[in-house]
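# Commentary on secondary and tertiary structure
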Amino acid sequence: MKITKLVVASHNDGKVAEIKTLLAPLHIEVQSAKELRLGDVEETGKTFEENAKLKANALSLMCGLPCLADDSGLCIDALDGRPGVYSARYAPNRDFNEGMKMLLKEMDEAEKKTRKAHFACYMALACPNEKVKVFEGRVDGEISEQPRGDKGFGYDPIFIPEGYDKTFAELGDDVKNQISHRRRALEKFIKEFK
Ligand code: IMP
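A few points on the structure. The model shown is predicted, which means the values in this text are computed figures rather than measured ones.

## Some thoughts on the packing of helix α1 (residues 13–23) against helix α7 (residues 181–193)
Orientation of α1 relative to α7, taken along the N-to-C sense of each, is 40°, at an axis distance of 10 Å. Regarding the angle of α1 to α7, the classification is oblique. As for the relative orientation of α1 and α7, their crossing is right-handed in sense. Residue-level inspection shows K15, E18, I19, L22 and L23 of α1 in contact with α7, the latter providing R182, R183, L186, F189 and I190. Its residues assigned to classes, the contact of α1 with α7 comprises six nonpolar, no polar and four charged.

## Quick notes on α7
With 13 residues, α7 extends 19 Å between its outermost C-alpha atoms, agreeing within 8% with the 18 Å of an ideal straight helix rising 1.5 Å per residue. Every buried residue of α7 is listed here: H181, R182, A185, L186, F189, I190 and F193. Buried residues of α7 fall within an arc of 165° about the axis and therefore sit on the same side. Buried residues along α7 sit against β1 (5–8), α1, β3 (67–76), β5 (116–126), β6 (133–143) and α6 (173–179).

## Quick notes on the site of the ligand
K15, S72, D156, K176 and R182 are the nearest of the 17 residues found near the ligand. Taking Y155, its main chain carries an N or O atom lying 3.1 Å from a nitrogen atom of the ligand. A distance of 2.7 Å separates an oxygen atom of the ligand from a polar atom in the side chain of R182. Taken by itself the ligand offers 480 Å² of open surface, and the protein chains cover 96% of this. Here the ligand is seated within the largest pocket. Elements with a minimum of two residues in the shell around the ligand: β3, α3 (87–90) and α7. Of the residues forming the shell around the ligand, the biggest block, four residues, is contributed by β3. Across the shell around the ligand, the residue classes break down as five nonpolar, five polar and seven charged.

## Focus on the packing of aromatic side chains
If you walk through the whole model with that rule in mind, you get six aromatic pairs. Between F96 and Y155 the ring centres are 5.2 Å apart and the planes differ by 85°, which places this aromatic pair in the edge-to-face class. Linking F96 in helix α4 (residues 96–109) with Y155 in the loop between β6 and β7 (159–161), this pair joins segments that are 59 residues apart in sequence. Measuring from ring centre to ring centre gives 5.8 Å for F135 and F189, while their planes differ by 90°; the resulting arrangement is edge-to-face. Of the two residues, F135 is situated in strand β6 and F189 in helix α7; the sequence distance between them amounts to 54 residues. Of the residues examined, F135 reaches a relative accessible area of 6% and is grouped as buried. Taken together, F119, F159 and F168 form an aromatic cluster joined through their ring pairs.

About the thresholds
Residues numbered from 1 in each chain as written. Predicted model: local features only at pLDDT ≥ 70, side-chain atom pairs only at ≥ 80, totals over all residues. Heavy atoms only, no water. Axes fitted to C-alpha atoms, helices over the stretch in contact; angles between N-to-C directions. Helix = DSSP H or I, 4+ residues; strand = E, 2+ residues; numbered from the N terminus. Parallel < 35°, antiparallel > 145°, perpendicular 65-115°, else oblique. Left-handed = near helix turned anticlockwise from the far one by under 90°. Contact = heavy atoms within 4.5 Å. Nonpolar A, V, L, I, M, F, W, Y, C, P; charged D, E, K, R; others polar. Expected span 1.5 Å × (residues − 1). Buried < 20%, exposed > 50% of the residue type's maximum accessible area, 1.4 Å probe, protein only. Arc of directions from axis to C-beta. Near = heavy atom within 4 Å. Polar contact = N/O pair within 3.5 Å; in protein donor to acceptor, adjacent residues only side chain to side chain. Areas by Shrake-Rupley, 256 points an atom, 1.4 Å probe, with all protein chains shown as cover. 1 Å grid on protein atoms, 1.4 Å probe; cavity = no way out; pocket = protein on both sides within 12 Å on 5 of 7 lines; lining within 4 Å. Sits in = over half its atoms within 2 Å of the grid points. Phe/Tyr/Trp six-rings, centres within 6.5 Å; stacked < 30°, edge-to-face > 60°.

Right, dumping it as structure tokens:
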């Protein structure tokens, strides 16, 4: 199937910018749901995969175009995988500085003394009249003792990817876009549609 136009089902500017950069080599016209003034879809699923699928399907129905939706989040081993699918909602009023403080405190108090964590990303592609396809990516790493760095978004200041000693927020987009969970999911998408 040849895709020439794609709607990215996200209202998160940071994520949309990353996805646009990563898809640039495909020469697909990419627009976000926000740019098209399409409504937000409620994430009622219990897993990343369910949420990605329901967002992609709902948006594709709304606009009649192929839609790519991602659901992603931070899964911390010491917290049994939380905040996971609730990563966005865990931060009060989407204040991620506060959210990071809360997570670090929860980890201090947790019985499991591991700092291991991963970012997970599930990308669902819904095309009109076709079965939705899902692509998955993850990046493993550790949670830093304190937030560090001012680049990126969300929980980037507390996530140190494996093989590095800096957080995503210190490393910045060039490095992050090479190794991120979104990159890895999109690579699978790109392989299928190149
Ligand atoms: P959703 O996929 O829009 O439901 O939101 C996922 C949430 O997970 C985001 O709001 C961020 O808080 C967090 N998240 C997902 N990917 C990243 C990332 O690459 N860096 C930092 N935080 C992320």
